[in-house]
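Geometric and topological summary
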Amino acid sequence: MTPVAETITSTDLDQLSINTIRTLSMDAVQQAKSGHPGTPMALAPLVYTIWNRVMRFDPQDPLWPNRDRFVLSNGHASMLLWSVLHLTHTQAVNANYEKLGHASVTLDDIRRFRQIGSKAPGHPEYHWVSGVETTTGPLGQGVATSVGMAIAEKWLANRYSLPGFPIFDYKIYAVAGDGCMMEGIGSEAASLAGHLGLDNLCWIYDNNRITIEGHTNIAFSEDVAMRFLAYGWNVLRVSDANDIERIEHALNKASNKTGSPTLIVLDSHIGYGSPHKQDTAEAHGEPLGDDELRLTKRAYGWPEDAKFLVPDGVYEHFEDGIGTRGADSHREWTQLFEAYRAQYPELAAEIEQMQRRELPNGWDRDLPVFPADPKGVAGREASGKVLNVLAQNIPWLVGGSADLGPSNKTLLTYEGAGHFQANSPGGKNLHFGIREHAMGATLNGLALSKVRPYGATFFIFSDYERPAIRLSALMELPTIFVFTHDAMGDGEDGPTHQPVEHLASLRAIPGLVTLRPGDANEVVAAYRYIMELRHQPAVLVLSRQPLPTLDRTKYAAAAGVARGAYVLADAPGADPEVILIASGSEVSVAVDTHEQLIAEGIRSRVVSMPSWDIFEHQTQQYRDTVLPPNVVARIAIEQASTFGWERYVGAKGRVIGMTTFGASAPLKELQRKFGFEPARVTAIAKELLDRG
Ligand SMILES: Cc1ncc(C[n+]2csc(CCOP(=O)(O)OP(=O)(O)O)c2C)c(N)n1
Ligand SMILES: [Mg+2]
């Protein structure tokens, strides 16, 4: 143990705590033989100051709704987070928001940094470690997510904070490196945050001028501060990353600033204190090595042979700082909330429901039922009607589009829906601008804040959101991604606007629910399914063009959507010899084919399959009733890549899909060119059955 004198001053304890973060990080990386020591060594004073001096966070309850949020956007520096979560004794909770009665990150977890099962994994993981506010690692995602958190706080404060009751007044701190500043998503997000004047948001830019390949002068030479000034941010600079008084001063200035978010440019030295590695790219992502580790510890005045040392007084120092401040502000808030509940029971109940991701009573009342109609309704049109009902039933359902509201039909048009802007933070219509990358991450930030978000664009641009969609699945968030113009329906716009591989690509993301409904009533059923998700994101893929609304007295009920796939139309005696499987706009092609086959005495069945993922989670027995193993004549019809459909049509089946990009032409011509016509499907069915 380090001798800690009785007379130790508060300043010494600051330094001791900072060096504890540094050395825990260095030791963990060395032990794991992998990881990133340099940035934790440099940013330990910053993270120490944010956590122990500034943030209102109660380690006893990492889910307290009014806690300040801390986002480590440079996720490779995860040891910073594992160190402070450990040193503050932050408690573990589970996915049902229950406290587990033990620490989130133990010293043993840190000793087992990056090893299987450890609560100190390579990068911050939201669903895995309590106290992590968002998963980071893909650079830029964290800062962009923090913008969603800031929008959420503004929206929540507007709705729930009433005179004398500041129920929501928390701040969001995000730490970012050169990488986050270079990534496009970071720029989109900063631009949006500046436009919205999100003064509850503070980013700290670790300006160490080092990335993996070396000095940033090989690739990055703009004036970041000027860029943020142009975005409308308040920009501060702290030129010494070890000066915790200056850092605290800047954080307080950020906190008091109104009308704009703050960027603090913090000049730092990666690998600080390492005699041979400070300011080098080697300090970024390699263990220091045993010799350098000792030299660096010596430079810190640390016992050279000690490993994973937490000197006497350090835990207590965090207890006296963030522990006490967090507990006090949490206690005051709880008292405030009880008084609030007495005065505004309904609002208090809403807050509690949101925290558990429950839906309010009557959330699905007045959902539309669409009458049979051969001309039909576009998927996007039906979706717009549903969203306008749901948003009135669920106060905390908010969303918008990346400038395609009129096309996506996501605009909430009812009286009082409002538009979220700096001076109208209660609006439920969000306007992301043409910033799909940032929209995806912003939606995740909203979902992490327990607001229920949806965001829309054309399906083709799901690619621009894909990293955030993937993270939402990894984090197990109920984010709703709405996509319209799902296939060739965008006809004349041509192949740049016609998705081909997107369904296959999204279906490959574990845990993501992808739904492509076949008519307006399937759209309603899809939303019913999606809204009840608590720990899964959903992608809704909708048509631009009208799809016939099926007569549900003749065909099976759309409620079958909740099972992923269902028998929509069947052969006499439920004894099919050929099965047509389709999603979205191709369901009506399958139904038309079916009618023709039946008329010719061919026993066909139509399976509407809006969601592979949901279907995969049904029992084998159910799946076998829908797709009986003995019926091998199967045809899948989908205006998308054929990739993957083999699993449902089998070796003897056929897939009518896309194996090339589309083309620019009216939809009818495209349907003919690419073979999405009943006559072709009929011919293939007969071929499979040898009934030429
Ligand atoms: C989107 C993305 N691209 C690439 C990487 C790989 N990567 C991890 S850290 C890093 C360099 C980051 O530099 P900087 O943000 O300056 O971090 P520092 O080394 O200064 O801590 C890169 C390229 C990543 N994690 N995410
Ligand atoms: Mg850097």
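Here, the structure is the one placed above.
The paragraphs below set out a description of the structure included in this document.

Rules of the game
Residues numbered from 1 in each chain as written. Chains lettered and ligands numbered in written order. Predicted model: local features only at pLDDT ≥ 70, side-chain atom pairs only at ≥ 80, totals over all residues. Heavy atoms only, no water. Helix = DSSP H or I, 4+ residues; strand = E, 2+ residues; numbered from the N terminus. Rg over C-alpha atoms; globule rule 2.2 N^0.38 Å. Buried < 20%, exposed > 50% of the residue type's maximum accessible area, 1.4 Å probe, protein only. Phe/Tyr/Trp six-rings, centres within 6.5 Å; stacked < 30°, edge-to-face > 60°. Lys NZ or Arg CZ within 6 Å of the ring centre and 35° of its normal. Pairing = 2+ DSSP bridges. Axes fitted to C-alpha atoms, helices over the stretch in contact; angles between N-to-C directions. Contact = heavy atoms within 4.5 Å. Polar contact = N/O pair within 3.5 Å; in protein donor to acceptor, adjacent residues only side chain to side chain. Core = buried A, V, L, I, M, F, W, Y, C linked by side-chain atoms within 4.5 Å. Parallel < 35°, antiparallel > 145°, perpendicular 65-115°, else oblique. Left-handed = near helix turned anticlockwise from the far one by under 90°. Nonpolar A, V, L, I, M, F, W, Y, C, P; charged D, E, K, R; others polar. Salt bridge = Lys/Arg side-chain N within 4 Å of Asp/Glu carboxyl O.

Brief notes about the overall build of the chain
When its secondary structure is counted, the chain shows 25 helices and 22 strands. Here the chain has a C-alpha radius of gyration of 28 Å; the compact-globule value for 692 residues is 26 Å, and the two agree. Dimensions of the chain, computed from the C-alpha atoms along their principal axes, are close to 95 × 60 × 50 Å. Among the 692 residues that make up the chain, the fraction classed as buried is 62%.

Observations regarding the packing of aromatic side chains
Here the structure, examined in full by the defined rule, presents 24 aromatic pairs. Ring geometry for F228 versus W233: centroids 5.0 Å apart, planes at 85°, classification edge-to-face. W233 carries the same exposure label as F228, and that label is buried. Measuring from centroid to centroid gives 5.0 Å for W333 and F337, while their planes differ by 10°, and the two rings are stacked. Placement of the pair is W333 and F337 together in helix 12 (residues 314-343), with a separation of 4 residues, close to one helical turn. Its relative accessible area of 4% is what places F337 among the buried residues. Three or more aromatic residues joined by ring pairs form one cluster here, namely W64, F165, W333, F337, Y340 and Y344. Note that K119 overlies the ring of W128, its terminal NZ or CZ placed 3.4 Å from the centroid. A cation over a ring is seen here: K450 above Y97, with NZ or CZ 4.3 Å from the ring centre.

Side note on unusual backbone geometry
Residue F308 is not a glycine yet carries a positive backbone phi of 50°. Structurally, the position occupied by F308 is in the loop between helix 11 (290-300) and helix 12. Residue F308 is classed as buried on the basis of its relative accessible area, which comes to 6%. The phi torsion at E476 lies on the positive side, around 65°, for a residue other than glycine. With respect to the element layout, E476 can be found in the loop between helix 17 (462-475) and strand 14 (480-484).

Focus on the sheet that holds strand 14
Here we have 6 strands laid out as an open sheet, ordered 12-11-13-14-16-15, and parallel in their pairing. Looking at strand neighbours, the two that pair on one side only are strand 12 (429-431) and strand 15 (513-515), the edges of this open sheet. For this sheet, the mean angle separating the axes of adjacent strands, direction not counted, is 20°. Relative to strand 16 (residues 538-541), strand 15 is paired through 3 bridges, and the arrangement is parallel. Across the sheet, V513 pairs through a bridge with A538, a residue of strand 16.

As for the environment of H535
Here H535 is to be found in the loop between helix 19 (520-531) and strand 16. Residue H535 is classed as partly exposed on the basis of its relative accessible area, which comes to 26%. In the structure, H535 is positioned 129 residues away from P406 in sequence and 30 Å away in space, judged by C-alpha atoms. What H535 contacts, discounting residues up to four positions off in sequence, is A95, Y97, E476 and L477. Of the polar contacts made by the side chain of H535, one reaches the backbone oxygen of A95; its length is 3.3 Å.

So, the sheet that holds strand 19 (residues 578-582)
With mixed pairing, 5 strands are arranged side by side in an open sheet as 18-20-19-21-22. Only two strands of the sheet have a single partner each, and these edge strands are strand 18 (566-569) and strand 22 (654-658). With direction set aside, neighbouring strand axes in the sheet form an average angle of 25°. Of the pairings in the sheet, the one linking strand 21 (residues 634-641) to strand 22 comprises 4 bridges and is parallel in character.

Quick word on the nonpolar core
Formed by 159 residues in total, the largest nonpolar core has its most connected members in Y160 and W203. Element by element, the count of residues in this core is highest for helix 5 (residues 141-160), at 11 residues. I18, F70, F113 and V238 belong to the second-largest nonpolar core, a separate cluster that totals 62 residues.

Quick look at the packing of helix 14 (residues 379-393) against helix 19
Relative to each other, helix 14 and helix 19 sit at 45°, their axes nearing to 9 Å. When the axes of helix 14 and helix 19 are compared, the pair comes out oblique. Once helix 14 is placed against helix 19, the crossing between them reads as right-handed. Residues G379, A382, S383, V386, L387 and L390 of helix 14 form the contact with helix 19, whose participating residues are A520, V523, V524, Y527 and M531. Of the residues assigned to the contact of helix 14 with helix 19, the class counts are 9 nonpolar, 2 polar and no charged.

Describing the pattern of salt bridges
Under the definition given, this model contains 32 salt bridges. Residue R516 pairs with D486 through a salt bridge whose shortest N-O separation is 2.9 Å. Residue R516 is found in the loop between strand 15 and helix 19, and its partner D486 is found in the loop between strand 14 and helix 18 (502-507); the two are separated by 30 residues along the sequence. Considered together, R516 and D486 belong to a single accessibility category, that of buried residues.

That is the geometry; function is a separate question.
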